[in-house]
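Each chain, letter by letter, is given below.
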Amino acid sequence: MLSYYKKNQKGSAIFSVLILLAVVSSLVSLIINSNQQNNYYSQRYEINSKLMMQIHSVEDFAIDVLRTDYMENPQITHLNENWNTPINNFSIGPYSVFANITDLDSKLNINNLVIKERTENLNVVNLIHLQSFINLFDKLDIDRNKIYSIIDWIDKDTERYTSSGAEDIFYLQKNPAYRAANNYIQHLDELLLVKGFDQQTLSKLEPYIAALPSDSFININTTGETVMRAIHNIIGPTYLELLEEKIQENPFINMNEFEAFLKNELKLNEVITNQIISITSTTSKNFLLNAKVVYRDSYITFTTSISLKKDNETFEKYNRIIKKLGTI
Ligand SMILES: [Ca+2]
Ligand SMILES: [Ca+2]
């Protein structure tokens, strides 16, 4: 009996050791696995942070190019300047950089619809910009009534600008409910919250519109055919051709030259000339950097807005959006 007990005790001891061994070995394999995973993650982390660091260099490089072009002649921005040369697969050590800069002042700025410095009881809508948007929406076959919802989304009041507009009452009935921003639009995607806008409408508009600080001007030297025609009803196929011909040969060097061209070459009257020059410029202040940085098998793509500051000397970057971070 005693010997059996002893034997059994011994057996159970061996059993315990076995269990312990099993636990230890599975722990060891767990540790090995997690170390391998940690290595994987720390390598990925290292690569990602190296890519993130490169973003700043690419942005600063873009700012440098824009500043150099700007300093050469602040009154003129045109498509033959250095900023408009894309960078394709440029190597910096182990990195490859792809980048291009778009002139956002070549587009219609939705925030220009609502006047910034408004006085009580006066119309808050800039009627000349409104007409440009009507021209653009008509040209793209988008219901022009949607413009009035943008105006209400931006303007401070809660009264509809026209019966096609929309204020809080409309958005509070949605599920989930929300309110109109009653403020300037920060990013074009915000339009998806505005009455009448969906992804399809936004995609149609995106090549021609931008969300910039209010009071920006459309650069006549960089704008494309669609926007140029939207600027004013009077710009039909003939005027468009004359303008494009002139700009291709010699971009307008300043607003005086542009004004003289409208009056003398296009024979436009004082009123129409003034309407056009009140919303246009020959230089640009707002740009969008679109870039991709590749390092080993990984890449990052991003966009960053770059604008000339109010001091008219320095450029600042803002609104960086990481589009994609992945492996090739
Ligand atoms: Ca309103
Ligand atoms: Ca409003």
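Structure first, text after, so check above.
Report on the accompanying structure. Note that the structure is a prediction, hence the values are computed from the model and not measured.

Calculation rules
- Residues numbered from 1 in each chain as written.
- Chains lettered and ligands numbered in written order.
- Predicted model: local features only at pLDDT ≥ 70, side-chain atom pairs only at ≥ 80, totals over all residues.
- Helix = DSSP H or I, 4+ residues; strand = E, 2+ residues; numbered from the N terminus.
- Buried ≥ 20, exposed ≤ 12 C-beta atoms within 10 Å, placed from the backbone.
- Contact = placed C-beta atoms within 7 Å.
- Pairing = 2+ DSSP bridges.
- Axes fitted to C-alpha atoms, helices over the stretch in contact; angles between N-to-C directions.
- Parallel < 35°, antiparallel > 145°, perpendicular 65-115°, else oblique.
- Left-handed = near helix turned anticlockwise from the far one by under 90°.
- Nonpolar A, V, L, I, M, F, W, Y, C, P; charged D, E, K, R; others polar.
- Arc of directions from axis to C-beta.

In terms of regular secondary structure, the chain is built from nine helices and nine strands. A total of 328 residues make up the chain; the buried ones form 29% of that total. Sequence separation of 24 or more characterises 62% of the internal contacts of the chain that already satisfy a separation of 6 or more.

Tracing the sequence through the fold places Glu259 in helix 8 (residues 255–265). Taking C-alpha positions, Glu259 is 6.9 Å from Ile277, a pair spaced 18 residues apart along the chain. Setting aside residues up to four positions removed in sequence, Glu259 forms contacts with Thr273 and Ile277.

Right, let's get into unusual backbone geometry. With an omega of 0°, the peptide bond between Asn175 and Pro176 qualifies as cis. Residue placement: Pro176 occurs in the loop between helix 4 (168–171) and helix 5 (199–205). Even without glycine at this site, Asn89 takes up a positive phi of about 55°. With respect to the helices, strands and loops of the structure, Asn89 is situated in strand 1 (residues 87–92). Residue class for Asn89 comes out exposed when judged on the 9 C-beta atoms lying within 10 Å of it. Although it is not a glycine, Asn312 adopts a positive phi angle of roughly 55°.

Read across the open sheet, the five strands follow the order 1-2-7-8-9; overall the sheet is antiparallel. Across the chains shown, the open sheet's two edge strands, defined by having one partner strand only, are strand 1 and strand 9 (315–327). Each strand of the sheet is rotated relative to its neighbour by a mean of 20°, with strand direction disregarded. In this sheet, strand 7 (residues 286–295) lies alongside strand 2 (residues 95–103) in antiparallel orientation, the contact comprising nine bridges. When the sheet's bridge partners are listed, Asp103 is paired in strand 7 with Phe287.

What follows is about the pairing of strand 7. Pairing analysis gives ten bridges linking strand 7 to strand 8 (residues 298–308), with the strands arranged antiparallel. Residue pairing across strands places Phe287 opposite Ile306, the latter belonging to strand 8. The hairpin formed by strand 7 and strand 8 contains two residues between the paired strands, and Arg296 there has a positive phi angle of roughly 50°.

So, about the packing of helix 8 against helix 9 (residues 270–279). At their nearest, the axes of helix 8 and helix 9 sit 10 Å apart, and the two run at 150° to each other. Classed by the angle they form, the pair helix 8 and helix 9 counts as roughly antiparallel. Relative to helix 9, the crossing made by helix 8 is right-handed. Counting all contacts with helix 8, which are made through Met255, Phe258, Glu259, Leu262 and Lys263, the residues of helix 9 involved are Thr273, Ile276 and Ile277. The residue makeup of the contact of helix 8 with helix 9, split by class, is five nonpolar, one polar and two charged.

Bridge count for strand 8 against strand 9 is ten bridges, and the pairing is antiparallel. Looking across to strand 9, one finds that Ser298 is bridged to Thr327. A loop of six residues connects strand 8 with strand 9, the two strands running antiparallel in sequence, and Asn312 in this loop sits at a positive phi of about 55°.

Moving on: helix 9. Every buried residue belonging to helix 9 is among Thr273, Gln275, Ile276 and Ile279, and all of these are buried. End-on view of helix 9: buried residues confined to an arc of 160°, all on one side of the axis. Structural note: helix 9 exposes Glu270, Val271 and Ser278 on the side pointing more than 90 degrees away from its buried face. Contact partners of the buried residues in helix 9: helix 2 (127–139), strand 5 (218–219), helix 6 (225–231), helix 8 and strand 6 (280–281).

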